[in-house]
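As a plain string of letters, each chain reads:
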Amino acid sequence: MEANPITTTDHSLKQTKLEIPENIITRFLGGLNVTARKLLFRVISTGPLPQHMAFIMDGNRRFAKKWQLTEGGGHKAGFLALMSVLKYCYEIGVKYVTVYAFSLDNFNRRPDEVQYVMDLMQEKIEGFLNELTIVNKYGVRVLFIGDLKRLYEPVRIAAEKAMEATANNTHTYLLVCVAYTSSHEIPRAIYEACEEKSGGSGTQVMMNENGSVNGDYSNGDYTKGTGAKIKVVDLDKHMYMAVAPDPDVLVRSSGETRLSNFLLWQTVNSVLYSPKALWLEMGLWEVVWGVLKFQRSYKYLEKKKKQA
């Protein structure tokens with residue numbers, strides 16, 4: 001039996017009349033939210049702003065357990081939280097954002113879990129490449145930091161494509177630490193600095209299995225057997241994170257205060273902030289509080305930097 005076109009049209013009109021006010025209200029509230037956020041950020045920006053914020057994204061598995069999500073569901077939803085945090089950071093005026101996405105130690109987890117995270121990382125990086133319009137709107141340059149050779153090949157290729165696609169952006173930066181730990185980064189920097197200093201001298205520089213390098217380190221200088229000195233600035237330039245200034249604020253979600261082998265060299269003068277919110281619960285106010293904590297400590301931190 002065919003539908004009565006008059007009745008069908010009348011029903012469609014009624015449905016449209018119901019939808020129009022809802023759409024108007026939704027747009028109005030959305031616009032009001034954006035306006036309020038801009039006003040808030042304008043007030044906050046009257047004080048000093050952190051140039052660089054780093055995040056340890058903790059609590060995905062606990063969130064999944066709390067809300068009875070499927071295994072791996074927390075990691076998947078964590079990407080949405082990352083996009084939200086990035087938006088607020090860039091809108092407030094933070095130029096560099098670093099996230100701890102995958103530790104070298106995570107390769108010791110169950111093979112199926114590692115494979116899942118690698119597949120998810122590849123999926124999200126490729127999805128990111130499909131949203132270049134939004135990425136270019138904020139002028140985001142993406143850099144993957146760590147021992148990228150350890151990544152599964154499809155993930156490494158996707159990461160290289162993302163870095164190449166955003167190479168011309170310089171307004172804001174997203175640094176994604178993957179296959180990274182400070183206990184790997186620091187000995188590597190020492191080794192490369194030693195190699196640089198001994199270039200052409202025929203001196204062999206050895207890195208031991210425990211990560212140490214032959215020689216003595218004292219008074220801020222590393223002295224090789226030949227007497228050549230390696231200063232802290234020499235190590236700085238060989239760090240993976242040499243592409244960005246040291247973080248002003250290090251945020252770890254879920255209320256944990258452990259640094260988990262993340263940016264140990266770079267966070268000597270950073271504000272440490274540990275909101276109780278799990279990573280997927282992170283939002284506007286956690287970012288705002290991180291900035292306010294930096295502003296409250298700004299004079300003290302500047303004094304410490306001058307004394308260093």
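Source: prediction; values computed, not measured.

Cut-offs and rules
What you see as residue numbers is a count from 1 along each chain, following the sequence as written. Restriction of local features to residues with pLDDT of at least 70 applies here, the model being predicted, together with a cutoff of 80 or more for giving and counting side-chain atom pairs; totals for whole chains, interfaces and linings are based on all residues. Computation of side-chain values covers all heavy atoms of the structure but excludes hydrogens and water. Secondary structure elements are defined from DSSP: runs of H or I of at least 4 residues count as helices, runs of E of at least 2 residues count as strands, and each element is numbered from the N terminus. Each residue's exposure class comes from its accessible area (1.4 Å probe, protein chains only) as a fraction of the maximum for that residue type: buried when under 20%, exposed when over 50%, partly exposed otherwise. Each accessible area is a Shrake-Rupley result for a 1.4 Å probe, and residues are judged covered by the shown protein chains and nothing else. Residues form patches when they are more than 30% accessible in relative terms and have no salt bridge. Like charges link within 9 Å. Nonpolar side chains (Val, Leu, Ile, Met, Phe, Trp, Tyr) link within 5 Å. We define a salt bridge as a contact between a side-chain nitrogen of Lys or Arg and a carboxyl oxygen of Asp or Glu at a distance within 4 Å. Counted charges follow a simple rule, with Lys and Arg positive, Asp and Glu negative, and His plus the chain ends left uncounted. Charge positions are represented by NZ for Lys, CZ for Arg, CG for Asp and CD for Glu. Here, axes are lines fitted to C-alpha atoms. For helices the fit covers the stretch in contact, and angles between N-to-C directions go from 0 to 180 degrees. Just so you know how the angles are binned, under 35 degrees is roughly parallel, over 145 roughly antiparallel, 65 to 115 roughly perpendicular, and the rest oblique. Note on convention: the crossing is left-handed when the near helix lies turned anticlockwise from the far helix by less than a right angle, right-handed when the turn is clockwise. Throughout, a residue-residue contact means that at least one pair of heavy atoms, one from each residue, lies within 4.5 Å. Polar here means any residue other than Ala, Val, Leu, Ile, Met, Phe, Trp, Tyr, Cys and Pro, which are nonpolar, and Asp, Glu, Lys and Arg, which are charged; Gly is therefore polar. Here, expected helix span is obtained from the residue count minus one, scaled by 1.5 Å. Strands qualify as paired when DSSP identifies two bridges or more between them. Among the buried residues, those of types Ala, Val, Leu, Ile, Met, Phe, Trp, Tyr and Cys that are joined through side-chain atoms within 4.5 Å form a nonpolar core. Two aromatic rings, drawn from Phe, Tyr or Trp (for Trp, its six-membered ring), form a pair once their centres lie within 6.5 Å of each other, and the interplanar angle then sorts them: stacked below 30 degrees, edge-to-face above 60, tilted otherwise. Consider the ring centre and the ring normal. A charge sits over the ring if Lys NZ or Arg CZ is within 6 Å of that centre and within 35 degrees of that normal.

Participant: Tell me what's going on with the overall build of the protein chain, and back it up with residues and numbers.
Facilitator: Along its length, the protein chain carries nine helices and nine strands. By residue count, 42% of the 308 residues in the protein chain fall in the buried class. Total accessible area on the protein chain is roughly 17700 Å²; 55% of this is exposed by carbon and sulfur atoms.

Participant: Hey, could you go over a positive patch on the surface for me, with residue numbers and the actual values?
Facilitator: Together, Lys38, Arg42, Lys87 and Lys137 give the surface a local cluster of positive charge. Inspection of the secondary structure puts lysine 87 in helix H3 (residues 73–92).

Participant: Now, about the packing of helix H4 (residues 111–129) against helix H6 (residues 153–165): what can you tell me, with residues and values included?
Facilitator: Two numbers describe how H4 lies on H6: the axes approach to 9 Å, and their chain directions differ by 25°. Relative to H6, the element H4 is oriented roughly parallel. Crossing hand, H4 versus H6: left-handed. Contact residues: H4 offers Met118, Met121, Gln122, Ile125, Glu126 and Leu129, while H6 offers Pro154, Val155, Ala158, Ala159, Lys161, Ala162 and Ala165. Considered class by class, the residues forming the contact of H4 with H6 number 10 nonpolar, one polar and two charged.

Participant: Provide a residue-level description of helix H7 (residues 182–197), including the pertinent values.
Facilitator: Between the first and last C-alpha of H7 there are 22 Å, a value that for 16 residues agrees with the 22 Å anticipated at 1.5 Å per step. Among all positions in H7, only Ser182, Glu185, Pro187, Ala189, Ile190, Ala193 and Cys194 are buried.

Participant: Requested: an account of unusual backbone geometry, with residues and values cited.
Facilitator: You will see that alanine 179, though not glycine, has its phi angle at about 50°, which is positive. Checked against the element boundaries, alanine 179 lands in strand S4 (residues 172–180). Unusually for a residue other than glycine, asparagine 261 sits at a positive phi of about 65°. Looking at the element boundaries, asparagine 261 is found in the loop between strand S8 (249–252) and strand S9 (271–273).

Participant: Quick one: what's the story with the sheet that holds S9, residue by residue and with numbers?
Facilitator: Pairing between sheet strands relies on hydrogen bonds along the backbone, with the strands arranged either parallel or antiparallel. In spatial order, the strands read S3-S4-S2-S1-S8-S9; together these six strands make up an open sheet with parallel pairing. Both outer strands of the open sheet, strand S3 (140–145) and S9, are each paired with one neighbouring strand and no more. Direction aside, neighbouring strands of the sheet carry axes that sit 20° apart on average. As paired elements, S3 and S4 share six bridges and run parallel to each other. Note that in S4 the partner of phenylalanine 144 across the bridge is valine 176.

Participant: So, the pattern of salt bridges: which residues are in play, and what are the values?
Facilitator: All told, the structure shown has 16 salt bridges when counted by the stated rule. Two residues, lysine 197 and aspartate 234, come together in a salt bridge whose shortest N-O distance is 3.8 Å. In this pair, lysine 197 is assigned in helix H7 and aspartate 234 in helix H8 (residues 232–236), connecting sequence segments 37 residues apart.

Participant: Lay out the environment of alanine 167 with the relevant residues and their values.
Facilitator: Note on placement: alanine 167 falls in the loop between H6 and S4. A C-alpha to C-alpha distance of 9.0 Å links alanine 167 and valine 140, two positions 27 residues apart in sequence.

Participant: So what's going on with the nonpolar core? Residues and values would help.
Facilitator: Counting residues in hydrophobic clusters, the biggest one holds 54 residues, and the most contacted among them are Phe55, Val97 and Phe144. In terms of residue count, the dominant contributor to this core is H3 (eight residues). By size, the runner-up hydrophobic cluster in this structure holds 16 residues, among which are Ile145, Leu175, Met241 and Phe262.

Participant: Describe H4, naming the residues involved and giving the relevant values.
Facilitator: End to end, H4 covers 27 Å across 19 residues, agreeing with the expected 27 Å (1.5 Å per residue, within 8%). All buried positions along H4 are accounted for by Glu113, Val114, Val117, Met118, Leu120, Met121, Lys124, Ile125, Phe128 and Leu129.

Participant: I'd like a description of the environment of valine 243, backed by residues and values.
Facilitator: Mapping valine 243 onto the fold places it in the loop between H8 and S8. The partly exposed category is assigned to valine 243, whose relative accessible area is 46%. Separated by 68 residues in sequence, valine 243 and leucine 175 have C-alpha atoms that sit 9.1 Å apart. Other than its neighbours up to four places away in sequence, valine 243 contacts Tyr96, Leu143, Ile145 and Leu175.

Participant: If you had to explain the environment of isoleucine 125 to someone new, which residues and values would you point to?
Facilitator: Tracing the chain through its elements places isoleucine 125 in helix H4. Between the C-alpha atom of isoleucine 125 and that of alanine 158, which follows or precedes it by 33 residues, the distance is 6.3 Å. In contact with isoleucine 125, not counting residues within four places along its chain, are Phe144, Val155, Ala158, Ala159 and Ala162.

Participant: Residue-level account of the packing of aromatic side chains, with values.
Facilitator: This model, assessed by the stated rule, comprises nine aromatic pairs. Centre to centre, the rings of tyrosine 180 and phenylalanine 262 are 6.0 Å apart; their planes meet at 85°, and the pair counts as edge-to-face. Taken together, the positions of tyrosine 180 in strand S4 and phenylalanine 262 in the loop between S8 and S9 put the pair 82 residues apart, joining distant regions of the chain. Of the two residues, tyrosine 180 and phenylalanine 262, neither departs from the other in class, the shared state being buried. What links up through ring pairs into an aromatic cluster is the set Tyr100, Tyr180, Tyr240 and Phe262. The ring of phenylalanine 107 carries the charged tip of arginine 150 above its face, separated from the ring centre by 4.9 Å.

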